[in-house]
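Overview (structure and organization)
So the chains spell out like this:
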Amino acid sequence: MTEPAAFPRIALCASQALVERGDAWVFDVLLWGRPARAFALRFEGRVVGYLNRCVHVAAEMDWQPGRFLDTQKRWIVCALHGATFEPSDGYCIAGPGRGQRLRALRVEEEGGQVWWWPDADVRPAPPPPAPTLS
Ligand code: FES
């Protein structure tokens with residue numbers, strides 16, 4: 001029997017928005033109550049999700065917004081100093097941080113939708129404030 005999730009799931013994007021080894025879906029989160037970013041991408045048919053925070057320095061890793069994979073579309077490579085991660089499990093196989101692992105998020109697909117389950121550490125960011133009329 002599966003344990004009930006502590007936090008309700010959140011719809012991230014339509015499944016079709018994530019193409020195999022394509023751009024990631026980047027979204028705002030709160031990491032221990034502070035603004036951070038996370039991403040979901042499709043690799044070998046499965047959607048994986050990670051905090052957008054390198055294990056070497058606490059910095060975002062994408063080359064351009066949503067671009068995490070190398071030119072061969074095989075590895076997640078940090079744009080700052082080249083730490084190289086296995087997309088399927090976030091394990092750092094080369095570069096600074098070798099042997100460490102990206103912080104994974106629980107993401108799943110159901111009904112043509114990609115879902116994210118927040119947890120005790122990584123929670124949804126509040127929506128931006130509504131524009132005001134002056
Ligand atoms: S910050 Fe990612 S390799 Fe240095």
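About the thresholds
- Here the residue numbering is sequential within each chain, running from 1 through the sequence in written order.
- Only residues with pLDDT of at least 70 are given local features in this predicted model, and only at 80 or more are side-chain atom pairs given and counted; all residues enter the totals for whole chains, interfaces and linings.
- UniProt positions are given in the numbering used here, feature names are shortened, and annotations may be inferred rather than shown by experiment.
- Runs of H or I in DSSP of at least four residues are treated as helices and runs of E of at least two as strands, each being numbered from the N terminus.
- Field definition: a residue is buried when 20 or more other C-beta atoms are found within 10 Å of its C-beta, exposed when 12 or fewer are, and partly exposed for counts in between, with C-beta atoms placed from the backbone.
- Contact definition: two residues whose C-beta atoms, as placed from backbone geometry, lie within 7 Å.
- One requirement defines pairing of two strands: DSSP has to find at least two bridges between them.

**Some thoughts on the UniProt feature "domain: Rieske" (unreviewed entry) in the protein**
Per the UniProt record, the feature "domain: Rieske" (unreviewed entry) sits at residues 44-116. Structurally, residues 44-116 is divided into 0% helix and 33% strand, and its ends, taken at the C-alpha atoms, are 19 Å apart.

**Re the environment of Asp121**
Summarising the element assignment, Asp121 is placed in the loop between strand E9 (113-117) and strand E10 (122-124). The exposure class of Asp121 is partly exposed, given the 13 C-beta atoms found within 10 Å. Those residues within four positions of Asp121 in sequence are excluded, and the remaining contacts are Leu31 and Trp32.

**A look at the environment of Pro96**
By the element assignment, Pro96 lies in the loop between strand E7 (92-94) and strand E8 (104-110). Residue classification places Pro96 among the partly exposed residues on the basis of 16 C-beta atoms within 10 Å. With 20 residues separating them in the primary sequence, Pro96 and Trp116 have C-alpha atoms 28 Å apart. Once residues lying within four places of it in the same chain are set aside, the contact partners of Pro96 are His56, His81 and Ala83.

**Here we look at the sheet that holds strand E5 (residues 76-77)**
A sheet is described by the order of its strands in space; here three strands give the open sequence E5-E6-E7, paired in antiparallel fashion. Of all strands in the sheet, those with a lone pairing partner are E5 and E7, marking the two edges. Across two bridges, E5 lies against strand E6 (residues 84-85) in antiparallel orientation. The residue bridging Val77 from the neighbouring strand is Thr84, located in E6.

**Details of the pairing of E9**
Residues Val114 and Trp116 point to one face of E9 and are all buried, whereas Gln113, Trp115 and Trp117, pointing to the other face, are not buried. Summarising the sheet, strand E1 (residues 10-14) and E9 pair through four bridges and their orientation is antiparallel. The residue of E9 that forms the bridge with Ala11 is Trp115. With five bridges joining them, E8 and E9 adopt antiparallel strand pairing. Directly across from Glu110, in E9, lies its bridge partner Gln113. Taking the residues between adjacent antiparallel strands as the criterion, E8 and E9 are bridged by two residues, where Gly111 takes a positive phi near 60 degrees.

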